[in-house]
Amino acid sequence: MAGGGGKSDEPAPHPPKDQLLGVTYCITSPPPWPEAILLGFQHYLVMLGTVVIIPTALVPQMGGGNEEKAEVIQTLLFVAGWNTLLQSLFGTRLPAVIGASYTFVAPTIAIILNNQWNDADPIEKFKKTMRAIQGAMIVASTLQIVLGFSGLWRNVSRFLSPLSATPLVALAGFGLYEFGFPGVARCVEIGLPQLIIVVILSQYVSHMIHSGKSIFEKFSVVMSIAIVWIYAHLLTVGGAYNHTPPKTQTSCRTDRAGLVEAAPWIRVPYPFQWGAPSFDAGEAFAMMMTTFVTLVESTGGFMAVSRYASATPLPPSVLSRGVGWQGIGILLSGLFGTVNGCSVSIENAGLLAVTRVGSRRVVQIAAGWMIFFSILGKFGAVFASIPAPIVAALYCLFFAFVGSSGLSLLQFCNLNSFRTKFILGFSFFLGLSIPQYFNEYEAINGYGPVHTSGRWFNSMVNVPFSSEAFVAGVVAYLLDNTLHRHDGSVRKDRGKNWWDKFRSFHSDTRSEEFYSLPFNLNKYFPAV
């Protein structure tokens, strides 16, 4: 046509999809049992990283040795298994692993530094500190339990739109960048090969080979770990690190964790194993603020999991139910003494994307692996001694996928709107800039910008502003619900019209398929 004015010549944009396509097994379609068992084991391996790193950093500061560290890791693994099982059965019903959270580290260190729990005997100091952490966790868990089961979080999340959810979900992944390549660089001769091999196997080989393509797609993580772990062990026994600094040996060697020797053959964790919890009001308030931060972060995590499980967006009532069960998970952490609270495992959410398997059954099998290896301590300790740079290399891939799931929500928004551009840019920028200031200040001075005689108060202020996902999510939420909200075109620009059909449980028929409770429990606990 002369003048090129024909509409048929214009390229059509990709249509928005409320369910992600290309997933091999979605939330309700389980793989064959042998495949599901191996995929579940892969999820267990991935969540081990955080489970090992956090106690390894905290237990020595509490006065504990290798034996206490091994017992705490076993307990954390045991509780994570049960929490994952409860969440997949009665919570959101998503294939979300509920594991350890780095957000709880700062208030826990504040408790450790409290002179009130000092003792001449290091083991006694460990037990006193552990009991104080338990008391704070038990009290703090009530926040998520009340917000979740009362339906208050349902009312808050109903005001979320694809626009305000984008920074929250994106920075739930991208915001963990400090645990990625900086961890790889601690032993670059192990971390870098792991990063390269897992990318080649999962993204290149799986598309170059037509027969057996799905094997590389689904099991690239366990394959790459096996290859690099053997390579790292050969470097260790070959004497490559015999004359290196202690820091390098800790990061690179495969025999430095001290877990295999210290772990008991069989041990079943039980509540109050360190003694009766002790309670301090200030520490409980600080931990309560931390549980609120993890609640916001987990909201982003649940949204990423629902996307990669090829489920529809979470109805607010289902999300609120999941938050309540996560509160029960924090309560269990306090009762058993795990030294850490729990939240949605972002790395396992990323693994769903790498494998393209979002099956609920796979994650339930992973929970079984966690409980099994937490009881058989020696066997679990073997896998827990995987060098940290291998784990950090995997984080680079997993956190990137979770971040991109947040960006994918922009398909529902009008990106040609100045309002959209402002909210997106401003929330992303502050979500990165404010935590950078708080974390940099603490790295230089040894304490956060808010520094008073009350450590619990310092944690209450410093912890929220140190979380990228929390800052970005809160800024975007407030701006999206206050800025020109009543303009006629704004509702469509922010993508709210796409999520209206998921505003209540019964407004979309697919919600029943993905999120209804088992054993006909919806009859007694109806979602609204």
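Below, the structure is looked at part by part. No experiment lies behind these values; they were computed from the predicted model shown.

1. Structural notes on the state of the cysteines
Here is step 1 of the chain: All told, the structure shown has one disulfide when counted by the stated rule.
Here is step 2 of the chain: Each sulfur of the disulfide joining Cys187 and Cys252 lies 2.0 Å from the other. As the torsion about the S-S bond is roughly 125°, the Cys187-Cys252 disulfide counts as right-handed. Taken together, the positions of Cys187 in the loop between α7 (181–184) and α8 (188–208) and Cys252 in helix α10 (residues 246–252) put the pair 65 residues apart, joining distant regions of the chain. The residues Cys187 and Cys252 share a single accessibility class, namely buried.
Here is step 3 of the chain: In this model Cys396 remains outside any disulfide bridge; the closest cysteine sulfur is found in Cys187, 14 Å from its own.

2. Remarks on a nonpolar patch on the surface
Here is step 1 of the chain: On the surface, Phe181, Val188, Leu192, Ile196, Ile200, Tyr204, Met208 and Ile209 cluster together into a nonpolar patch covering about 730 Å² of accessible area.
Here is step 2 of the chain: Per element, the largest residue contribution to the nonpolar patch is six residues, and it comes from α8.
Here is step 3 of the chain: Inspection of the secondary structure puts Phe181 in helix α7.

3. Here we look at the side chain of Glu68
Here is step 1 of the chain: One can find Glu68 in helix α2 (residues 66–90).
Here is step 2 of the chain: No salt bridge is formed by the buried Glu68; the nearest opposite charge belongs to Lys127, separated by 7.2 Å.
Here is step 3 of the chain: When sequence neighbours within four positions are dropped, the list of residues in contact with Glu68 reads Val59, Ile123 and Phe126.

Criteria and cut-off values
Residues numbered from 1 in each chain as written. Predicted model: local features only at pLDDT ≥ 70, side-chain atom pairs only at ≥ 80, totals over all residues. Heavy atoms only, no water. Disulfide = S-S within 2.5 Å. Helix = DSSP H or I, 4+ residues; strand = E, 2+ residues; numbered from the N terminus. Buried < 20%, exposed > 50% of the residue type's maximum accessible area, 1.4 Å probe, protein only. Patch = residues over 30% accessible without salt bridge, like charges linked within 9 Å, V, L, I, M, F, W, Y side chains within 5 Å. Areas by Shrake-Rupley, 256 points an atom, 1.4 Å probe, with all protein chains shown as cover. Salt bridge = Lys/Arg side-chain N within 4 Å of Asp/Glu carboxyl O. Lys, Arg positive; Asp, Glu negative; His and termini not counted. Contact = heavy atoms within 4.5 Å.

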